[in-house]
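# Examining the three-dimensional arrangement
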Amino acid sequence: TSRPGVAPQTMSACLLLTWKHRKSLFPAQCPPLGLESLRVKDTQLRASSYKRRGLGPHRGRLNIQSGIEDGDIYDGAWCAQYEDKKQWLEVDARRPTRFTGVILQGRSSIWRSLLYNLLKMQSAIRETRNKHFIEYEVFEGNQDTETPALALFNESATVARYIRINPQSWYENGTICLRAEVLGCTLPDPNNIYAWQQTEQGTQDKLDFRHHNYKEMRKLMKSVTEACPDITHIYSIGKSHMGLKMYVMEISDHPGKHELGEPEFRYVAGMHGNEALGRELLLNLMQYICQEYKLGNQRIVRLVKETRIHLLPSMNPDGYEMAFKKGSELAGWALGRYSYQGIDMNHNFADLNKVMWDAVEFDFQNNDKSKLINHYIPIPEYYTSEDAFVALETRAVINWMQNIPFVLSANLHGGELVVTYPFDRTEDWAPRDDTPTPDNSFFRWLATVYASTNQVMSNPDRRPCHNENFQRYNNIINGANWHTVQGSMNDFSYLHTNCFDVTVELSCDKFPHASELPIEWENNKESLLIYMEQVHRGLKGVIRDKDTEAGIADAIIKVDDIDHHIRSVVDGDYWRLLNPGEYEVTVSAEGYNPSTRMCRVMYEHYPTICDFRLTKTPKQRLKEILAKGGKLPKDLQLRLRQLRLRKLRASTKAINSRRAAASRKARGS
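Each value, and the rule that gives it
- Residues numbered from 1 in each chain as written.
- Predicted model: local features only at pLDDT ≥ 70, side-chain atom pairs only at ≥ 80, totals over all residues.
- Heavy atoms only, no water.
- Core = buried A, V, L, I, M, F, W, Y, C linked by side-chain atoms within 4.5 Å.
- Buried < 20%, exposed > 50% of the residue type's maximum accessible area, 1.4 Å probe, protein only.
- Helix = DSSP H or I, 4+ residues; strand = E, 2+ residues; numbered from the N terminus.
- Domains from an automatic or database assignment.
- Contact = heavy atoms within 4.5 Å.
- Pairing = 2+ DSSP bridges.
- Axes fitted to C-alpha atoms, helices over the stretch in contact; angles between N-to-C directions.
- Patch = residues over 30% accessible without salt bridge, like charges linked within 9 Å, V, L, I, M, F, W, Y side chains within 5 Å.
- Areas by Shrake-Rupley, 256 points an atom, 1.4 Å probe, with all protein chains shown as cover.
- Salt bridge = Lys/Arg side-chain N within 4 Å of Asp/Glu carboxyl O.
- Lys, Arg positive; Asp, Glu negative; His and termini not counted.
- Charge placed at Lys NZ, Arg CZ, Asp CG, Glu CD.
- Phe/Tyr/Trp six-rings, centres within 6.5 Å; stacked < 30°, edge-to-face > 60°.
- Lys NZ or Arg CZ within 6 Å of the ring centre and 35° of its normal.
- UniProt positions renumbered as here; feature names shortened; annotations may be inferred.
- Polar contact = N/O pair within 3.5 Å; in protein donor to acceptor, adjacent residues only side chain to side chain.

## A look at the nonpolar core
- Core analysis: the largest hydrophobic core is formed by 95 residues, its most contacted members being Y267, M315, V397 and W400.
- A total of nine residues in this core trace back to one element, the largest contributor, which is helix 3 (residues 277–295).
- Residue assignment places this core across two domains, with domain 2 (214–536) and domain 3 (539–623) each supplying three or more.
- Setting aside residues up to four positions removed in sequence, V397 forms contacts with I237, M246, L312, M315, F349 and M489.

Take a look at the structure:
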């Protein structure tokens, strides 16, 4: 329908004919153009007016988050300068497009939340000096700042290049502010009648690119094990609050067991249930490894044979199911983020940072560093009680960490494009402050490996997702220097186990549309693979008893000048992640004499072997012999006699010193 007083614009006969004949190719609801995912560039957004640069049309994107200061250059919406019905936000699709709907939100701001409730949609087919918008419909807008409101157009919606959102009413004392996403199907090229058959996959890999709910995820994982039974194994680490199993895919040449000298690696996704990209990437990854292993891809074969890989695609299955039911654009910024009990699992692990810093402060005050606590910090009793506000899912992951000697991990999130590394909590509770671990240089290396190989993060021309430009930090940042987080998985993993863990924020869009998944896989594929390969950097070896050659568990491995130790596992093997260099390494274990040697880490992508053989202390040997009722060997008898003589001389010397002091004191009086 034409607007009164405006001459209608028409398409060329060819385009109109092509559209009529190909109309059935397009679904009733087309995918997003990409305002939220940033596929739509800032230059494609225009507005009738705006209050200031921070509220310009480039901020009118679904789910965009504001800065923390009023007037920030990165604010949380487009806001018109004037309050009348002539204000509009315009999107240029750059090609003739069948628009099928829009998704709308109010303004995201910690200062003001502004809403509107009626909008007019207008569209134009071509650009002229003064564009004529020939079609329009009026829809109901959103009712709160965050919940997306979907407006679907009628079946005869105009094919156009431009679309305008024209607010018609807003709440009293409010103003015109909004965030939006536009749904549209790009039309085939009228100059090529076969172009409509071509799809933009974004990758050559034949994977299942769609969002999988719980049942579909389980079915896909089962199909991978059936395709690659010799290298895969599915197990559960526990259940969610609603009884959904937390499935893990294990990939190894000998699945189901720990192999001596083979490091354990894990990826965890879906801690926040509505951050869905990580879940799909891990499902893609297990399919990809299976396919490439069968094809003989030597990189993948080597990775499978030398590494035991564990993939947990959904740490918060309850939250994901809530977000999945709403859909990728309508779930909003927070729906499904928390567990069913309302727990944010990113803050739910035991706060071991405080335990460590309190112990360090105590030792400093008492000038006693002999009891320095810097690894395997025990979980406080209050946290393990049944009354503790700890999610079942968190407890399951902690138990998993304690049962498997993980060496390296990454926790996949969404909503930003950056890799963060511990510590995640500031020591003095400042909102943000650089708080490095003793292994800061290696953590920075890990973060850089992922960020520098990610196709979007490493793009120098990309724009910030929301309100912080992480490119100035090369897309990596200390977690506490971004925002402090108490009880994070990264800090807990580092302080309670041997495992080094980072957080990867995978995309600006927490829940990308299914059409974006092939592109996102290609963006992250190399990063996911090369990060796993870092588990083979540094030192590895086996700590054995010199006499029996048995492996020694719980031996402490100390690297000189790095104030963080690790421990050997059940069979005596260990892995110490380190950057290239020469290190003095000391190994100690209860009942054994400590041993020190120099170990050099090279630049190659394989670890340096640095084994240790420890000798028992005479006291330990005596204890073991007496326990067996055996006779002491001559060398041990001689050693014990020497120790007794040494102890006797020391005690005699101390007694004589006390007597001499008493005698001098008596003469002086």
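Okay, back to it.
## Quick notes on the sheet that holds strand 21 (residues 581–588)
- Within the open sheet, the four strands sit side by side as 19-18-21-22. Their pairing is antiparallel. Lying at the two open borders of the sheet, with one neighbouring strand each, are strand 19 (566–567) and strand 22 (595–601).
- The pairing of strand 18 (residues 556–559) with strand 21 spans four bridges and is classified as antiparallel. Note that in strand 21 the partner of V559 across the bridge is V585.

## Some thoughts on the sheet that holds strand 14 (residues 418–421)
- Spatially, 9-10-12-11-13-16-14-15 is the arrangement adopted by the eight strands of the open sheet, whose pairing is mixed. Only two strands of the sheet have a single partner each, and these edge strands are strand 9 (232–239) and strand 15 (476–478). Neighbour-to-neighbour, the strand axes of this sheet turn through a mean angle of 20°, independent of strand direction.
- Bridge count for strand 13 (residues 406–413) against strand 16 (residues 500–505) is six bridges, and the pairing is parallel. Each residue of the ladder has a partner; that of S409, found in strand 16, is D501.
- Packing of helix 12 (residues 517–533) onto the sheet brings it into contact with strand 11 (264–269), strand 12 (308–312), strand 13 and strand 16, and relative to strand 11 it is tilted by some 145°.

## With respect to a negative patch on the surface
- Together, E361, E427, D428, D433 and D434 give the surface a local cluster of negative charge.
- Looking at the element boundaries, E427 is found in the loop between strand 14 and helix 9 (440–453).

## As for the packing of aromatic side chains
- Summed over the entire model, instances satisfying the criterion amount to 18 aromatic pairs.
- Relative to F511, the ring of Y320 has its centre 6.1 Å away and its plane inclined at 25°; by these criteria the two rings are stacked. Here F511 lies in the loop between strand 16 and helix 12 and Y320 lies in helix 5 (residues 317–326), a separation of 191 residues in the sequence. Neither Y320 nor F511 differs from the other in exposure class; each is buried.
- Here F442 and F500 contribute two aromatic rings whose centre-to-centre distance is 6.1 Å and whose plane-to-plane angle is 80°, an arrangement assigned as edge-to-face. Highlighted residues: F442 in helix 9 and F500 in strand 16, separated in sequence by 58 residues.
- By relative accessible area, which is 1% here, F500 ends up buried.
- Ring-pair connections join several aromatic residues into one group, and the members of that group are W357, F423, F442, F443, Y494 and F500.
- R266 extends its terminal NZ or CZ atom over the ring of F406, reaching a point 4.8 Å from the ring centre.

## What about a positive patch on the surface?
- A cluster of basic residues, K215, R218, K239 and K245, forms a positive patch at the surface.
- Residue placement: K245 occurs in strand 10 (residues 245–251).

## Considerations on the UniProt feature "active site" (unreviewed entry) in the chain
- In this numbering, the UniProt entry assigns the feature "active site" (unreviewed entry) to E505.
- In this structure, E505 sits in strand 16.
- Residues in contact with E505, not counting those within four places in the same chain, are H413, G414, G415, E416, L417, V418, M457 and W482.
- In terms of polar contacts, E505 uses its side chain to reach the backbone amide nitrogen of G414, at 3.3 Å.

## Quick word on helix 5
- Turning to helix 5, its buried residues number three or more, namely P317, D318, G319, Y320, E321 and A323.
- Residues of helix 5 that are buried in the fold lie against helix 2 (214–227), helix 3 and helix 8 (392–403).
- Phi turns positive one or two residues past the end of helix 5, at G327, with a value near 105°.

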